[in-house]
Amino acid sequence: LRLGLKLRLREFIFMIEFKHISKSFGTKKVLDDLSFCIPDGKITFIVGKSGEGKSVTMKHIMLLLRPDSGAVEVNGKDIMKFSPKQVQAYRKKIGILFQSSALFDSLTVGENVYFVLKEFGSYSFMELKQKAEDILTQVGLPGIQHKYPSQLSTGEKKRVGLARALVSNPDIIIYDEPTTGMDPIVSEMIDELILRVNRERNLTSIVISHDLKATLTTADKIIMLHSGKVRLEGEPALFKSSKDSIVRGFFSGKAIEL
């Protein structure tokens, strides 16, 4: 426990470090001796052109992929060496907001939100409903438990997806392209929600994004991937002042491949 700064006891105090990770699919090397560090309690954006390894990096953090070589450490522990029981406990500490929100169309909003809690122990129906309502209120959507995803706007679906990611009280939250396909007003609302959630819950937030404006205004730290390696990592100010032609090209919008 970090001298009482955490509000609740955690099995993990997250500091994620990639140490010389390489990963190939057939003859294509996607991650090439990749090393970086994600700080605890901060918002880290991982950016880069399509095909540079962002999604593969995310899947290593989630233990959905294993590297060909190297280590992924969380609080100094190599998660690739976890037992099945440790993997299960670790994954319960991760919340994910998928790009498409990934809601179940046949379930109500409330059922979508508390669906994940069924893995965490026995709750009564009323307890599940209350937990769903509490978290929906936190993301600005009180009183919509009875609705179905088809009745929601794109922005509302995204917030329901976030509520589902948060309901289990994770320590890490991963946002997969949270503002893709959003209009500027909704995108700004999602950015503000990411900031507020991180501040209120002291989460380690990881955002996979093509949104350059959000990256420079929301991130505490940015990691830019290029050819499976880190091209540059640091605070937004470092990227704004960078003279690197690839970094400048990407952040000017000239190098983006969607």
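What this report covers is the structure whose coordinates are included nearby.

## Comments concerning helix H5 (residues 154-166)
With 13 residues, H5 ought to run about 18 Å at 1.5 Å a step, and its terminal C-alpha atoms sit 19 Å apart, in line with that. The element H5 is extensively covered by neighbouring structure, given that 10 of its 13 residues are classed as buried. Within the sequence span of H5, burial applies to Gly155, Lys158, Arg159, Val160, Gly161, Leu162, Ala163, Arg164, Ala165 and Leu166.

## Notes on unusual backbone geometry
Phi angles above zero are rare outside glycine, and Asn75 is one such case at about 55 degrees. Position of Asn75 relative to the elements: it lies in the loop between strand E4 (69-74) and strand E5 (77-78).

## A few points about the pattern of salt bridges
On inspection of all chains with the given rule, the structure shows nine salt bridges. Between Glu52 and Lys49 there is a salt bridge, with its nearest N and O atoms 3.9 Å apart.

## Observations concerning the layout of surface pockets
Taken as a whole, the largest pocket encloses approximately 490 Å³ of empty space. What lines the largest pocket is a set of 17 residues, among which Arg91, Ile94, Gly95, Ile96 and Val116 lie closest to the centre. For the lining of the largest pocket, the element with the highest residue contribution is strand E6 (residues 94-97), accounting for three residues. Approximately 270 Å³ is the volume found for the second largest pocket. Together, 13 residues line the second largest pocket, and Leu117, Lys131, Val167, Ser168 and Asn169 are the ones closest to its centre.

## So, the sheet that holds E4
Across a sheet, paired strands are connected by hydrogen bonds in the backbone, their directions being either parallel or antiparallel. One open sheet holds the four strands; their spatial order is E2-E1-E4-E5, and the pairing between them is antiparallel. Only two strands of the sheet have a single neighbouring strand rather than two, namely strand E2 (28-38) and E5. In this sheet, E5 lies alongside E4 in antiparallel orientation, the contact comprising two bridges. Residue pairing in the sheet places Glu73 in a bridge with Asp78 of E5. Its contacts with the sheet place helix H1 (residues 54-61) against strand E1 (16-25), E2 and E4, and it is angled at close to 120 degrees to E1.

So, how was this worked out
- Each residue is numbered by its place in its chain's sequence as written, counting from 1.
- Side-chain atom pairs in this predicted model are given and counted only at pLDDT of 80 or more, local residue features only at pLDDT of at least 70, and totals for whole chains, interfaces and linings cover all residues.
- Water and hydrogen atoms were dropped before computing side-chain values, which therefore reflect all heavy atoms in the structure.
- Segments assigned H or I by DSSP are reported as helices when at least four residues long, segments assigned E as strands when at least two residues long, and all are numbered from the N terminus.
- An expected span of 1.5 Å times one less than the residue number is assigned to each helix.
- Relative accessibility decides the category of a residue: with a 1.4 Å probe and only protein chains considered, values under 20% of the type maximum give buried, values over 50% give exposed, and everything between is partly exposed.
- The salt bridge criterion pairs a side-chain nitrogen of Lys or Arg with a carboxyl oxygen of Asp or Glu, the two atoms within 4 Å.
- Points on a 1 Å grid, built from protein atoms alone, make a cavity when a 1.4 Å probe fits but cannot get out and make a pocket when they are open with protein on both sides within 12 Å along at least 5 of 7 lines; residues with an atom within 4 Å of a point are the lining residues.
- Grid points are joined across faces, edges and corners, and a volume is the space filled by probe spheres set on the points.
- For two strands to count as paired, DSSP must find a minimum of two bridges between them.
- Here a residue-residue contact requires only that any non-hydrogen atoms of the pair lie within 4.5 Å.
- Lines fitted to the C-alpha atoms define the axes, with helices restricted to the stretch that makes contact. Angles between their N-to-C directions range from 0 to 180 degrees.

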